[in-house]
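Close look at the chain arrangement
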Amino acid sequence: MSVAGLKKQFHKASQLLQEKLNGVEGTKLDEEFLIMERKTDITHKLILDLVPKTIGYLQPNPAYRAQLSMLNAVAKIRGKGKTIGYPQTEDILGDCMLHYGSELGAASGFGFALTEMGEALKQVSQAKDSMDVRVNQTFIDPLQSIQDNELKEIRFHLRKLEGRRLDFDFKKRRKGKIANTEIKKALEKFEESKDLAESSMFNLLQKDGVQMQYLSGFISAVLDYHQQSCQILENLRSSLQTRITDASNQPKREFASKSVASTMCYTDIYGLSNWPSGQSSDAPVVVHSPDKAQNPTSNFSFLCLLDDSGPPFDQPCCRALYAFQAENQGELCFKGGDIIILTSQVDENWFEGMLNGKSGFFPKNYVKVLVPLP
């Protein structure tokens with residue numbers, strides 16, 4: 001810094017000290033200028049407070065925000081332009097529901113509903129990501145631009161104005177010791193800085209309409225997100241209600257304890273035969289179970305009791321050779337030894353019949369026909 005510059009800084013400091021300690025009055029700016037300065041200062045504070053709070057609204061978890069900020073900074077240093085997205089809570093919950101829905105399988109009503117809801121939450125998460133992008137583009141980025149450009153320029157002009165005011169007031173106070181030409185020159189610089197600061201503040205404060213457009217963009221993005229979420233969840237609720245109604249209309253199944261020894265006989269891995277109680281080992285006839293493709297649960301051939309003796313039947317019927325557990329709606333459950341009334345033959349592999357007042361379909365190779373269909 002030159003000697004003249006150092007001297008000027010000393011004069012400014014001296015004038016400021018006189019104003020603070022001795023109550024010396026400096027040059028007063030007009031009321032309109034002071035009002036604009038106050039509003040500009042409020043705008044500066046507003047943006048500094050509003051932008052981080054808006055980001056907190058979009059991304060509520062501060063720990064995740066800090067982590068993402070660090071990871072994105074490292075990515076920029078390494079030259080990777082792609083930023084890491086914020087993990088939406090709907091996305092995390094949706095992944096959890098999809099996982100366990102898949103584990104339970106589509107045959108489970110609850111599992112299928114979990115899968116549907118998981119997919120819906122993933123869609124809600126995508127809608128929220130879209131909202132984040134729109135709010136950044138239409139609200140946060142424009143406000144940040146005002147902070148980085150116009151307000152930065154205004155603060156520069158105001159600092160320069162204050163310095164030139166102090167210089168002018170110091171020289172004016174020492175009138176007689178300082179040449180009038182020097183005082184006049186200080187006044188001209190003071191006026192120049194005032195005009196620059198005033199015009200830049202005026203231009204900023206005239207942009208009310210533009211700044212309200214930023215708010216409108218924010219509102220539109222949030223509204224679109226909630227409308228999309230509402231539609232997704234309404235569709236999900238309607239689908240779930242339909243499934244609840246269908247499930248409630250299905251006939252209730254009663255639990256029946258099933259013992260392997262009471263329903264079938266087999267040769268165990270030790271070579272011994274286990275037979276149902278009350279039967280002797282020389283009574284049964286050996287019948288092989290359906291092949292593994294048709295009965296995936298069989299790991300070996302079963303020996304089953306077939307006793308066709310007994311009272312004659314006066315209608316088409318069959319005896320169950322093996323227990324059958326229904327896997328689809330409309331199928332008939334039974335256990336080995338049950339007598340099933342035949343009502344029709346669906347095709348070469350399936351019968352339709354009745355047991356205990358319930359009607360349903362069952363595989364032909366699980367039964368032995370006692371009285372054939374006419």
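Calculation criteria
- Residues numbered from 1 in each chain as written.
- Predicted model: local features only at pLDDT ≥ 70, side-chain atom pairs only at ≥ 80, totals over all residues.
- Heavy atoms only, no water.
- Core = buried A, V, L, I, M, F, W, Y, C linked by side-chain atoms within 4.5 Å.
- Buried < 20%, exposed > 50% of the residue type's maximum accessible area, 1.4 Å probe, protein only.
- Helix = DSSP H or I, 4+ residues; strand = E, 2+ residues; numbered from the N terminus.
- Contact = heavy atoms within 4.5 Å.
- Pairing = 2+ DSSP bridges.
- Axes fitted to C-alpha atoms, helices over the stretch in contact; angles between N-to-C directions.
- Expected span 1.5 Å × (residues − 1).
- Arc of directions from axis to C-beta.

Nonpolar side chains tend to gather and get buried jointly when the protein is soluble and globular. M131, V135, F139, L143, I146 and L158 are the most contacted members of the largest nonpolar core, which totals 34 residues. Counting residues per element, the ones that place at least two in this core are α2 (31-58), α5 (109-148), α6 (150-173), α7 (180-205) and α8 (208-249). The dominant element in this core, judged by the number of residues it contributes, is α5, at nine residues. If we ignore the near neighbours within four places in the chain, the residues touching M131 are L58, A221, V222 and Y225. Of all hydrophobic cores here, the second largest spans 14 residues; its members include A320, F324, L342 and F351.

It is worth spelling out the sheet that holds strand β3 (residues 317-320) at this point. One open sheet accounts for five strands, arranged β6-β5-β4-β3-β7; its pairing is antiparallel. The sheet is open, and its two edges are formed by β6 (358-363) and β7 (367-371), each paired on a single side. Between one strand axis and the next, the sheet turns by 40 degrees as a mean value, whatever way the strands run.

Our focus in this paragraph is the side chain of S125. Residue position: S125 is located in helix α5. What makes S125 buried here is its relative accessible area of 3%. In contact with S125, other than residues within four places in its own chain, are Q88, E90 and D91.

Right, let's get into helix α1 (residues 3-21). For α1, built from 19 residues, the straight-helix expectation of 27 Å at 1.5 Å per residue is met to within 8% by its first-to-last C-alpha distance of 27 Å. Within the sequence span of α1, burial applies to H11, K12, Q15 and E19. The arc enclosing the buried residues of α1, seen along the axis, measures out at 95 degrees, which places them on a common side. Within α1, the exposed residues directed more than 90 degrees away from the buried face are V3, L6, K7, F10, K20 and L21. Buried-residue contacts for α1 involve α6. Two residues or fewer after α1 comes G23, characterised by a positive phi angle close to 70 degrees.

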